[in-house]
Amino acid sequence: MSLLAPSVKVCSWTRELDNPAALATYVAHGGYQALRRIISENVPGDDIIAQLKLSALRGRGGAGFPTGLKWSFMPRAFPGDKYIVCNSDEGEPGTFKDRDIMRYNPHQLIEGMAIAGYVLGAKVGYNYIHGEIFDVYESFERALAEARAAGYLGDKLFGTDFSFQLHAHHGYGAYICGEETALLESLEGKKGQPRFKPPFPASFGLYGKPTTINNTETLASVPWIMQHGGQAFLELGKPNNGGSKLFSVSGHVNKPGNYEVPLGTPFSELLAMAGGVRNGHKLKAVIPGGSSAPVLPGHVMMDCTMDFDCVAKAGSMLGSGAVIVMDETVCMVRALERLSYFYHEESCGQCTPCREGTGWMYRMIHRIEHGQGRPDDLELLNSVAGKIGGYTICALGDAAAMPVQSFLKHFGDEFAYHVEHKRCMV
Amino acid sequence: MLSSESLALIDLEIAKYPAEQKQSAVMGALRIAQTEKGWLKSEVIEFVAAYLDMPAIAAYEVATFYNMYDTQSVGRNKITLCTNLPCALMGANEIAEHLKKKLGIGFGETTADGRYTLKEGECMGACGDAPMCLHNNHCMHTRLTPEKIDELLERLK
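Every chain begins its residue count from 1, and numbering advances along the sequence as written. For this description, chains carry letters from A and ligands carry numbers from 1, given in the order in which they are written. Under the rules for a predicted model, residues below a pLDDT of 70 receive no local features and side-chain atom pairs below 80 are neither given nor counted, while totals for whole chains, interfaces and linings still include all residues. For side-chain calculations, the full set of non-hydrogen atoms in the structure is used, while hydrogens and water are omitted.

Chemist: Is there a simple way to explain the interface of chain B and chain A in this structure?
Modeler: The parts lose accessible area when they come together, and the size of an interface is often stated as this lost area. Contact criterion: two residues are considered in contact whenever any of their non-hydrogen atoms come within 4.5 Å of each other. Listed by partner, the interface residues are 41 residues for chain B and 58 residues for chain A. Buried area is a sum: the accessible area each of two parts loses on coming together, probed at 1.4 Å, counted once for each and added. Interface area lost by chain B to chain A is led by Lys16, Phe65 and Leu89 of chain B, which between them contribute 16%. The definition of a polar contact used here is a pair of N or O atoms within 3.5 Å, where within protein one atom must be able to donate a hydrogen and the other to accept one, and adjacent residues in sequence count solely through side-chain atom pairs. Applying the counting rule to chain B against chain A returns 23 residue pairs in polar contact (both at pLDDT 80 or more). Broken down by secondary-structure element, the contributors of at least two residues to the side of chain B that touches chain A are helix H2 (26-37), helix H4 (56-65), helix H5 (85-89) and strand E3 (116-121) of chain B. By the criteria applied, helices consist of DSSP H or I runs no shorter than four residues and strands consist of E runs no shorter than two, each listed in order from the N terminus.

Chemist: It is not clear to me how the pattern of salt bridges should be interpreted in this structure. Could you clarify?
Modeler: Proximity of charged atoms lets side chains of opposite charge pair with each other. All names here are of chain B. When a carboxyl oxygen of Asp or Glu is within 4 Å of a side-chain nitrogen of Lys or Arg, the pair counts as a salt bridge. Applying the stated criterion across every chain yields a total of 34 salt bridges over all chains. When the shortest N-O distance is used, the salt bridge between Lys78 and Asp70 registers 2.8 Å. Each residue gets one of three labels from its accessible area relative to the maximum for its type: buried under 20%, exposed over 50%, partly exposed in between, using a 1.4 Å probe on protein chains only. Take Asp70: its relative accessible area is 3%, and that puts it in the buried class. We note a salt bridge from Lys102 to Asp150, for which the minimum N-O separation is 3.2 Å. Note that Lys102 is positioned in helix H6 (residues 92-103) and Asp150 in helix H7 (residues 146-156), a separation of 48 residues in sequence. Judged by its relative accessible area of 47%, Lys102 falls in the partly exposed class.

Chemist: Honestly, the pairing of strand E8 (residues 283-287) of chain A in this entry has me stumped. Any pointers?
Modeler: In regular strands, side chains alternate between the two faces of the sheet. Residues and elements named next belong to chain A. Counting buried positions over the five residues of E8 gives five, a clear majority of the element. What makes two strands pair is DSSP finding at least two bridges between them. By the bridge criterion, four bridges tie E8 to strand E11 (residues 322-327) in an arrangement that is antiparallel. Within E11, the position partnered with Ile287 by the bridge is Ile324. Across two bridges, the pairing between E8 and strand E9 (residues 296-297) is antiparallel. By the bridge assignment, Ala285 is partnered in E9 with Pro297.

Chemist: Would you take a moment to explain the sheet that holds strand E5 (residues 244-251) of chain A for this structure?
Modeler: Adjacent strands of a sheet form backbone hydrogen bonds with each other and so pair up, either parallel or antiparallel. All names here are of chain A. One open sheet holds the five strands; their spatial order is E6-E5-E11-E8-E9, and the pairing between them is mixed. Both edges of this open sheet fall to strand E6 (257-262) and E9, since each of them pairs with a single strand only. Both E5 and E6 contribute to a ladder of six bridges, which runs antiparallel. Looking at the pairing, Val249 lines up with Gly257 of E6.

Chemist: When you look at the layout of surface pockets in this model, what are you seeing that I'm missing?
Modeler: Where empty space is left becomes clear once a probe the size of a water molecule has been rolled over the atoms. Here the term cavity refers to a set of points on a 1 Å grid, laid over the protein atoms alone, in which a 1.4 Å probe fits but cannot get out; the term pocket refers to an open set having protein on both sides within 12 Å along at least five of seven lines, with lining residues being those that place an atom within 4 Å of a point. Grid points are joined across faces, edges and corners, and a volume is the space filled by probe spheres set on the points. Of the pockets and cavities examined, the second largest pocket occupies roughly 640 Å³. Together, 26 residues line the second largest pocket, and Arg334, Glu337 and Arg338 of chain A together with Ala88 and Asn93 of chain B are the ones closest to its centre. Sorting the residues of the lining of the second largest pocket by element identifies helix H14 (332-346) and helix H15 (352-369) of chain A together with H5 and H6 of chain B as the ones contributing at least two each. For the lining of the second largest pocket, the class distribution of residues is 11 nonpolar, six polar and nine charged. Polar here means any residue outside two lists: the nonpolar Ala, Val, Leu, Ile, Met, Phe, Trp, Tyr, Cys and Pro, and the charged Asp, Glu, Lys and Arg; Gly therefore counts as polar.

Chemist: In this structure, what is going on with the confidence of the model for chain B? I would like to understand it.
Modeler: Close reading of the predicted structure is inappropriate where its pLDDT is low. Predicted confidence across chain B gives a mean pLDDT of 97, with 100% of residues reaching 70 or more. In the model output, the complex is listed with pTM 0.97 alongside ipTM 0.97. The pLDDT score gives, residue by residue, the confidence of the prediction method on a 0 to 100 scale.

Chemist: Please clarify how the nonpolar core should be interpreted in this entry.
Modeler: Across soluble globular proteins, nonpolar side chains have a tendency to be buried as a group. The set of buried Ala, Val, Leu, Ile, Met, Phe, Trp, Tyr and Cys residues whose side-chain atoms join them within 4.5 Å is what this entry labels a nonpolar core. If you look at the biggest cluster of nonpolar residues, it comprises 148 residues, and the most contacted ones within it are Trp71 and Met326 of chain A together with Tyr66 of chain B. Looking at which element gives the most residues to this core, the answer is helix H17 (residues 396-421) of chain A, with 10 residues. Setting aside chain neighbours within four positions, we find Tyr66 of chain B in contact with Tyr128, Tyr172, Gly173, Ala174, Cys177, Ser186, Lys190, Lys191 and Gly192 of chain A together with Met27 of chain B. Counting 23 residues, the second-largest nonpolar core is a separate cluster that includes Ala274, Cys304, Cys310 and Val325 of chain A.

Chemist: Could you clarify how one ought to interpret the sheet that holds strand E5 (residues 139-141) of chain B in this entry?
Modeler: Residue and element names in this part refer to chain B. As summarised here, the arrangement of the five strands in space is E2-E3-E1-E4-E5, forming an open sheet in which the pairing is mixed. Two strands bound the open sheet, and with one partner strand each, they are strand E2 (109-110) and E5. Direction of pairing for strand E1 (residues 77-82) relative to E3: parallel, over a ladder of six bridges. Bridged to Leu81 within E3 is Glu120. Only C-alpha atoms enter the line fits that serve as axes; for helices the fit covers just the stretch in contact. Angles between N-to-C directions range over 0 to 180 degrees. Against the sheet, H7 makes contact with E1, E3, strand E4 (133-135) and E5, and its axis sits at roughly 160° relative to E1, the strand it touches most.

Chemist: Got a minute to help me understand empty space enclosed by the protein in this structure?
Modeler: For the structure shown, the criterion picks out two cavities of 30 Å³ or more. Of the voids in this model, the largest cavity is the one considered here, and its volume is about 70 Å³. Taken together, the residues that form the lining of the largest cavity break down as seven nonpolar, five polar and no charged. Taken as a whole, the second largest cavity spans an internal volume of roughly 60 Å³.

Chemist: How should I be thinking about the side chain of His167 of chain A in this particular structure?
Modeler: With respect to the helices and strands, the residue His167 of chain A is situated in strand E3 (residues 165-170). The contacts of His167 of chain A, once residues within four sequence positions are left out, are Val124, Gly125, Tyr126, Asn127, Leu144 and Arg148 of chain A together with Lys16 of chain B.

Chemist: How should the packing of H2 of chain B against H4 of chain B be read in this particular structure?
Modeler: The relative placement of two packed helices is expressed as an angle between their axes plus a distance between the axes. Residue and element names in this part refer to chain B. One way to put it is that H2 packs onto H4 with a least axis distance of 10 Å and a crossing angle of 70°. Accordingly, the angle class assigned to the pair H2 and H4 is roughly perpendicular. Note that H2 runs across H4; the crossing there is right-handed. Each of Val26, Met27 and Leu30 in H2 lies in contact with H4, whose residues at this interface are Ala59, Val62 and Ala63. Residue composition of the contact of H2 with H4, grouped by class: six nonpolar, no polar and no charged. Roughly parallel here means an angle under 35 degrees, roughly antiparallel means over 145, roughly perpendicular means 65 to 115, and every remaining angle is called oblique. In this scheme, a crossing is called left-handed if the near helix is turned counterclockwise away from the far one by less than a right angle; it is called right-handed if the turn is clockwise.

Dropping the structure here:
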């Protein structure tokens, strides 16, 4: 495997090599060539953005927003400070792909961020790393030190006038900081409470300066696209869903882990790669894009391909590519109770519908699970969920509402059984 | 208040940000202070705030907003167990019961000898290796079984 061969392992090709995270390994397999060429040849930023648009690279953090379009929003010619920020605050339950990119291929992320800095006119970048993975934060700091010593980061790169500094920022336990404006607040040394938008970060971002925020996997895909072109990346996946994607498969499978496959790969193939459902059990339900994505019944997923458009058509979201698999032994009431507790615990408290509504929903689901459900609870749950989603500053409100609505939609009979019989039907 | 080693580490954090944005270093500085002191007493938070030229209340806000800072005393070994859905599917609740029984405490409690604190955590972003816990915030133990918990507790004695 190498960065020079256009393999489907866009971000995970180093995984099988010795010392996968070492700078020497990365450079020996074509790493930093794209950055060197772009800077030395002074490639116009517009050309790079055009390649990104052609590639149909969509944000890998959850929203799936076209990356080329996002970059084009930056006032690149604006004089003064601008920033590129990487969102490695990976805390969406079920997601653990960015951790592996930083563990096994940190330099591809560093190269991607340096290219972004060049295109966007940012001289400084920050990588915001999830609090609970301190060892990854430390190893990323070591990768940064290696890159600085070798002249891939710092002043006047490759003898040109372009300078780029990159730093790691370590979070300390707040799911909400995965929301990009909460992340910016946190980078500024404040509580992570999301900002009103507009203004968007491209005009008022870190320290009030134009800022672009991309996910780790998104930025790490950039060197591959620069090496092989936007068309090659597009062709890995399918129209409007360019490239491969890392899927974090967790829960009831025989081989949980990260699997990088082309977008458009059938879910059944991904499930087979993960060793299938554990112990030969029957597939009951799948959350295809992290805990915030609506749950889908197993048979619906088995007809799905893993790409943004197909999963959306089936009624959910590809999100961060976190696939949580549940077999027939799972009580859906108990599963939702735990997810609802999470959103209640992690609500930043800024907006009333989310702060109060997440607690209200959790308490209702808790009492249903504990045999104290009331006949009108299910209707009330749906009603409360419907009054959170869309009525808050950030998407955490929607993220809390969607699991509730989808669990009730697809597994309502289990909830009704709990309320009526005061016990579980599973 | 803090050792010269800790202050040197905090200075490295400060150097990451523009000179007029020292407050950006508060998360790193509080982490470093907590690592040295065990938990964040008011005086420590106020010292960090003064060191970064920021109002003490702003540093308090940070220390109380993020889950991994402890503003109350904790045992020498803080064990934070993730019980979120992917971990729960892989047996985190059984691990929780084992830990509670073994230590004789519940979530949010500290053993009488001050040796262990048990906390319930949220997603640690490593669900492929579920179930998992963190020891003193920085050391992750994955694919936990009751036997692995026993070994860990034995080592931390």
